[in-house]
Amino acid sequence: MNLPDIDSNVLDAVAASRRPSAELPSLEPRPSPAATKGVLPAAALDQLFRLARTYNEWSARDVDDRTIHEVYELLKWGPTAANSNPARFVWVRSREGKEKLAALAMEANRAKIMAAPVTVIVGHDLAFAETMPKLFPARGEMLREFYREPAVAAETALRNSSLQGAYLILAARALGLDGGPMSGFDNAGVDREFFAGTRIQSNFICSLGYGEPGTPFPRNPRLSFEEAGRWA
């Protein structure tokens, strides 16, 4: 089933409606965002991509509530289909929460979960359609009916929660944190323990903190541009 076409003028109108109210009285011409964007400094690209590593061992430095909120405030702006935002997050930081999650993980992942300051369960809400009137006011009712169809909801929720999980990792890196994404756990068990009574299903987990320097394995190679893709 294909998503109905959404007029670009509608998208522009929705975007305009979300600007802070302080901007509305101003009638002065504003530069186009495309005219003001530039390439990020090399150091920023290194921090986000080239020198960033996946960590399994963590320093004793804590991650405070404010930093976790800042991570979310960045990742929420990443694009999702029709602004659906189906990802749901459980930020596991208490001793009790860590023990519960670690007990549902494969043995190799248990120590990582216990040592990390925070481990995030990235889930996807199969009932995300109910938020569409809020998230896409211009066509919210139509989109709610469209995404209520179970097969469409399941596919959309999984794909876009995976995107939002990737935004989580990049947002954390942008704020100076390190990440350690993992599968290797009992998804059904996590759903029972952390999402009981909801239609949320776990996708993957990701530890967050400040990685212990010198602990990652030597970096493995990546595919070249030609190996990974082609022109068409």
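The structure presented is a predicted model; accordingly, all values stated were derived computationally and were not measured.

Some details on the overall build of the protein chain
Then step 1. Looking only at helices and strands, the protein chain features 11 helices and 4 strands.
Then step 2. In the protein chain, buried positions account for 37% of the 232 residues.
Then step 3. By element, 56% of the accessible surface of the protein chain is carried by carbon and sulfur atoms, the whole surface being about 14200 Å².

A look at the sheet that holds strand β3 (residues 178-182)
Then step 1. Across the sheet, 4 strands lie side by side as β1-β2-β4-β3; this open sheet has antiparallel pairing. The two strands at the open ends of the sheet, each matched to only one other strand, are β1 (87-92) and β3. Direction aside, the axes of adjacent strands within the sheet are offset by 25° on average.
Then step 2. Across 6 bridges, the pairing between β1 and strand β2 (residues 118-125) is antiparallel. Among the inter-strand pairings, Val 90 is bridged to a residue of β2, identified as Ile 121.
Then step 3. Those strands touched by helix α4 (residues 65-75) are β1, β2 and β4 (200-209), and its axis lies near 165° from that of β1.

Observations regarding the layout of surface pockets
Then step 1. Of the pockets and cavities examined, the second largest pocket occupies roughly 330 Å³.
Then step 2. The wall of the second largest pocket is formed by 15 residues, among which Ala 52, Arg 53, Thr 54, Tyr 55 and Arg 222 lie closest to the centre.
Then step 3. Of the residues assigned to the lining of the second largest pocket, the class counts are 6 nonpolar, 4 polar and 5 charged.

Considerations on the packing of helix α5 (residues 95-103) against helix α10 (residues 187-194)
Then step 1. With their axes 9 Å apart at the nearest point, α5 and α10 run at an angle of 150° to one another. Compared by their axis directions, α5 and α10 come out roughly antiparallel. Contact residues: α5 offers Gly 97, Lys 100 and Leu 101, while α10 offers Val 190, Glu 193 and Phe 194.
Then step 2. Of the residues that constitute the contact of α5 with α10, the class distribution is 3 nonpolar, 1 polar and 2 charged.

A closer look at the side chain of Thr 80
Then step 1. Here Thr 80 shows up in the loop between α4 and β1.
Then step 2. On the accessibility criterion, Thr 80 (12% relative accessible area) is buried.
Then step 3. Within the local environment of Thr 80, its side chain forms a polar contact with the backbone nitrogen of Asn 85, the two atoms lying 3.1 Å apart.

A short note on α4
Then step 1. Among all positions of α4, only Thr 67, Ile 68, Val 71 and Leu 75 are buried. One side of α4 carries all its buried residues, which in axial view fall inside an arc of 105°. With respect to the buried face of α4, the exposed residues turned more than 90 degrees away are Asp 65, Arg 66 and His 69.
Then step 2. Among the structural elements, β1, β2, α9 (150-174) and β4 are those in contact with the buried residues of α4.

Remarks on the environment of Leu 104
Then step 1. Its location among the elements puts Leu 104 in the loop between α5 and α6 (107-115).
Then step 2. You can call Leu 104 buried: its relative accessible area is 18%.
Then step 3. Residues Leu 104 and Gly 189, spaced 85 residues apart in sequence, show a C-alpha to C-alpha distance of 6.5 Å.

Focus: the environment of Leu 40
Then step 1. As for its position among the elements, Leu 40 is in the loop between α2 (33-36) and α3 (42-50).
Then step 2. Those residues in contact with Leu 40 that lie beyond four places of it in its chain are Leu 45 and Leu 48.

Thresholds applied
- What you see as residue numbers is a count from 1 along each chain, following the sequence as written.
- In keeping with the predicted nature of the model, local features appear solely for residues at pLDDT of at least 70, side-chain atom pairs appear and are counted solely at 80 or more, and the whole-chain, interface and lining totals rest on all residues.
- Calculation of side-chain values draws on the structure's entire complement of heavy atoms; hydrogens and water are dropped beforehand.
- What counts as a helix is a DSSP run of H or I of at least four residues, what counts as a strand is a run of E of at least two, and both are numbered from the N terminus.
- Between buried and exposed lies partly exposed: a residue is buried under 20% and exposed over 50% of the maximum accessible area for its type, with that area taken using a 1.4 Å probe on protein chains only.
- Where accessible areas are quoted, they stem from the Shrake-Rupley method and a 1.4 Å probe; at the residue level, only the protein chains shown are allowed to cover.
- Paired strands, as defined in this entry, are two strands with at least two bridges between them according to DSSP.
- Axis definition: a line fitted to C-alpha atoms, limited for helices to the stretch in contact. Angles are taken between N-to-C directions and run from 0 to 180 degrees.
- Here a residue-residue contact requires only that any non-hydrogen atoms of the pair lie within 4.5 Å.
- Cavity and pocket criteria rest on a 1 Å grid covering protein atoms alone: a 1.4 Å probe that fits but cannot get out defines a cavity, protein on both sides within 12 Å along at least 5 of 7 lines defines an open pocket, and an atom within 4 Å of a point defines a lining residue.
- Grid points are joined across faces, edges and corners, and a volume is the space filled by probe spheres set on the points.
- Basically, the charged four are Asp, Glu, Lys and Arg, the nonpolar ten are Ala, Val, Leu, Ile, Met, Phe, Trp, Tyr, Cys and Pro, and anything else, Gly included, counts as polar.
- Working rule for angles: under 35 degrees goes down as roughly parallel, over 145 as roughly antiparallel, 65 to 115 as roughly perpendicular, anything else as oblique.
- Polar contacts here mean pairs of N or O atoms no more than 3.5 Å apart (in protein, one a potential hydrogen donor and the other a potential acceptor; neighbouring residues in sequence count only if both atoms are side-chain atoms).
- This arc is built from the directions going out from the helix axis to the C-beta atoms.

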